[in-house]
Amino acid sequence: GYKLVALWGPGAAPEALKLSTQLFRRPLSKEQTDALRQASTIALLGPGDVASFTGGLPHVTVVVGDMLNLTAYESLINWHPCNAD
């Protein structure tokens, strides 16, 4: 199926993180819609598409349609001590 992916840049991160405990699903709330308008990148991914971006920035994925969607995440960070804080 299709998936909408949104990514916020560092400047918009504090505002986007206010919604970090929410599930983005239909129907989107006004607050969620406004947050998506602030995203630096929004992409519609189709079956077989691959996206790569830093998980260190706020991001959200939304399933579009009624089909089953499977997503795999891999998160890599370096071993710098600041990453443990």
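These lines cover the structure that appears in this document, whether it is placed above or below. Predicted model only: the values in this text are computed from it and were never measured.

### Considering the pairing of strand S1 (residues 2-7)
Every regular strand shows the same layout, with side chains that alternate between the two sheet faces.
Right, so step 1: Note that S1 and strand S3 (residues 59-64) share 6 bridges and pair antiparallel. When the sheet's bridge partners are listed, Tyr 2 is paired in S3 with Val 64.
Right, so step 2: Across 5 bridges, the pairing between S1 and strand S2 (residues 41-45) is antiparallel. Looking at the pairing, Val 5 lines up with Ala 43 of S2.

### Overview of the nonpolar core
Right, so step 1: Formed by Ala 6, Trp 8, Ala 12, Ala 16, Leu 19, Phe 24, Ala 35, Leu 36, Ala 39, Val 60 and Val 62, the largest nonpolar core amounts to 11 residues.
Right, so step 2: At the level of elements, helix H2 (30-37) and S3 are the ones that each hand at least two residues to this core.

### Looking at the environment of Glu 31
Right, so step 1: Tracing the sequence through the fold places Glu 31 in helix H2.
Right, so step 2: Look at Glu 31 and you get partly exposed, because its relative accessible area is 44%.
Right, so step 3: Here the alpha-carbon distance between Glu 31 and Leu 19, two residues 12 residues apart in the chain, equals 8.4 Å.
Right, so step 4: Discounting chain neighbours no more than four positions away, the residues touching Glu 31 are Leu 19 and Gln 22.

### Details of the pattern of salt bridges
Right, so step 1: For the coordinates displayed, the defined rule picks out 3 salt bridges.
Right, so step 2: Between Asp 34 and Lys 30 there is a salt bridge; the shortest N-O distance is 2.7 Å. Taken together, the residues span about one helical turn, with Asp 34 and Lys 30 both in helix H2 at a distance of 4 residues.
Right, so step 3: Residue class for Asp 34 comes out partly exposed when judged on its relative accessible area of 29%.
Right, so step 4: You can call Lys 30 exposed: its relative accessible area is 63%.
Right, so step 5: The residue Asp 34 makes a salt bridge to Arg 37 at a minimum N-O spacing of 3.3 Å. Within this pair, Asp 34 and its partner Arg 37 are both found in helix H2, separated by 3 residues, close to a single helical turn.

### Here's the deal with the sheet that holds S3
Right, so step 1: Pairing is antiparallel across the open sheet formed by 3 strands, whose spatial order is S2-S1-S3. Only two strands of the sheet have a single neighbouring strand rather than two, namely S2 and S3. Adjacent strand axes in the sheet meet at a mean angle of 15 degrees, parallel and antiparallel pairs treated alike.

### Here's the deal with H2
Right, so step 1: Residues of H2 that are buried: Gln 32, Ala 35 and Leu 36. For H2, the buried positions fall inside an angular range of 100 degrees around the axis, keeping them on one side. H2 presents Lys 30 and Arg 37 as exposed residues on the side facing more than 90 degrees away from its buried surface.
Right, so step 2: Its buried side turned inward, H2 meets S1, S2 and S3.

Conventions adopted
- Residues numbered from 1 in each chain as written.
- Predicted model: local features only at pLDDT ≥ 70, side-chain atom pairs only at ≥ 80, totals over all residues.
- Heavy atoms only, no water.
- Pairing = 2+ DSSP bridges.
- Helix = DSSP H or I, 4+ residues; strand = E, 2+ residues; numbered from the N terminus.
- Core = buried A, V, L, I, M, F, W, Y, C linked by side-chain atoms within 4.5 Å.
- Buried < 20%, exposed > 50% of the residue type's maximum accessible area, 1.4 Å probe, protein only.
- Contact = heavy atoms within 4.5 Å.
- Salt bridge = Lys/Arg side-chain N within 4 Å of Asp/Glu carboxyl O.
- Axes fitted to C-alpha atoms, helices over the stretch in contact; angles between N-to-C directions.
- Arc of directions from axis to C-beta.

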